[in-house]
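As a plain string of letters, each chain reads:
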Amino acid sequence: MVASVWRAVRGTGTDIVVLHGWGLNANIWTPIVAPLAQVGTLHRFDLPGYGESPWPDDMPLNFDNLCELTLAALPERCHLIGWSLGGLVATELALRHPERFYSLTTVASSPYFPSENDWPGIEPHVLNTFAKQLSKDFKRTVERFLALQSLGSPHAREDVKQIKEWLFAKPMASVEVLDAGLDMLASVDLRSRLPDLQVPCLRMYGKLDALVPKGVAERVSAWLPESECYVAPKCSHAPFISDPEGFVAHLVPFLQRHMP
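Residues numbered from 1 in each chain as written. Predicted model: local features only at pLDDT ≥ 70, side-chain atom pairs only at ≥ 80, totals over all residues. Heavy atoms only, no water.

Heads up, the condition is: UniProt positions are given in the numbering used here, feature names are shortened, and annotations may be inferred rather than shown by experiment.
For the protein chain, the name recorded in an unreviewed UniProt entry is Pimeloyl-[acyl-carrier protein] methyl ester esterase, with Pseudidiomarina andamanensis as its organism. Its UniProt record gives the protein chain the following Subunit (unreviewed entry) comment, quoted word for word: "Monomer."

Shown next as structure tokens:
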């Protein structure tokens, strides 16, 4: 299963792959490209269906296929870093193929995104509203989602402005791809499988995150007691944008400890 996946590669040494979140593209990682490229060979992908990576015409838009297409594009073995929806994909791949990864890092991600009973997360009506609005004005809907991602950040306006510049520098994902991505955020549940994770894991969160509340960090720690956890104190859903220096200061030592 091979797809045409756009990538940018920089640096030398051990492979490091970063996966972006819903609605976005590889440009989102711009603030931390230089420091990560000093640690190893950094690969930034546009996930299948996003940016410059087309979704195959003959393939259903679902989470399993997104994971398989992404896996086919990865180096033989790498450190895998996933943000938000990309973290969900990265976790699934690490659960399925632990032998392919030196480590797993999830950023502002959750094994299950919707809030439910005593589980903290996104209110289901928020995802439903975005899904309904997509077909009417999908560019504005994505912009609203970006604003929600920066909610609480001390420099939210600057964050959103910068993210929009990176987003619109590449082709936008289709309504169909975006709608399928929202469905993944609303339905994929990896919680029961987390204790099976065999890959060294770092989980990074934003204390002010409105999409992945900090309560998620505490719950996941119970399932992954050997994993490392960092909650960025003044960041929302994109800590590598709000505080790239603090983000790198916690990520790089973890990667270096698990170098081959």
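### Concerning the sheet that holds strand β7 (residues 228-232)
Backbone-to-backbone hydrogen bonds join strands into a sheet, with any given pair of strands oriented parallel or antiparallel. Rules: Being paired, for any two strands, means DSSP has found at least two bridges between them. Per the convention used, a helix needs a DSSP run of H or I reaching at least four residues, while a strand needs a run of E reaching at least two, with both numbered from the N terminus. Here an axis means a line fitted to C-alpha atoms, over the contact stretch when the element is a helix, while the angle between two N-to-C directions is reported on a 0 to 180 degree scale.
Strand order in the open sheet made by the seven strands is β1-β3-β2-β4-β5-β6-β7, with mixed pairing throughout. For this open sheet the edge positions go to β1 (7-10) and β7, each flanked by a neighbour on one side alone. Adjacent strand axes in the sheet meet at a mean angle of 15 degrees when their direction is disregarded. Alignment of strand β5 (residues 101-107) against strand β6 (residues 201-206), held across four bridges, turns out to be parallel.

### With respect to helix α3 (residues 85-96)
Cut-off, in case you're wondering: What a helix is expected to span follows from its residue count: subtract one and scale by 1.5 Å. A simple rule labels every residue: compare its accessible area, found with a 1.4 Å probe on the protein chains alone, to the largest value its type can have, and call it buried under 20%, exposed over 50%, or partly exposed in between. A contact between two residues is defined here by any heavy atoms of the two lying within 4.5 Å.
When the terminal C-alpha atoms of α3 are compared, their 17 Å separation across twelve residues agrees well with the 16 Å that a helix rising 1.5 Å per residue should span. For α3, the buried fraction is high: eleven of the twelve residues fall into the buried class. All of the buried residues in α3 are L85, G86, G87, L88, V89, A90, T91, E92, L93, A94 and L95. Buried positions along α3 lie against β2 (15-19), α2 (63-73), β4 (78-83), β5 and α7 (175-187).

### Overview of the nonpolar core
To be explicit about the condition: To form a nonpolar core, buried Ala, Val, Leu, Ile, Met, Phe, Trp, Tyr and Cys residues must be joined to one another through side-chain atoms within 4.5 Å.
In terms of nonpolar packing, the biggest core is built from 88 residues, with W22, I28, L36, I81, W83, F101 and F240 touching the most fellow members. Counting residues per element, this core draws most heavily on α3, at seven residues. Every residue in contact with F101, bar those within four places of it in the chain, is listed here: L71, L74, R77, C78, L80, L93, A94 and V199.

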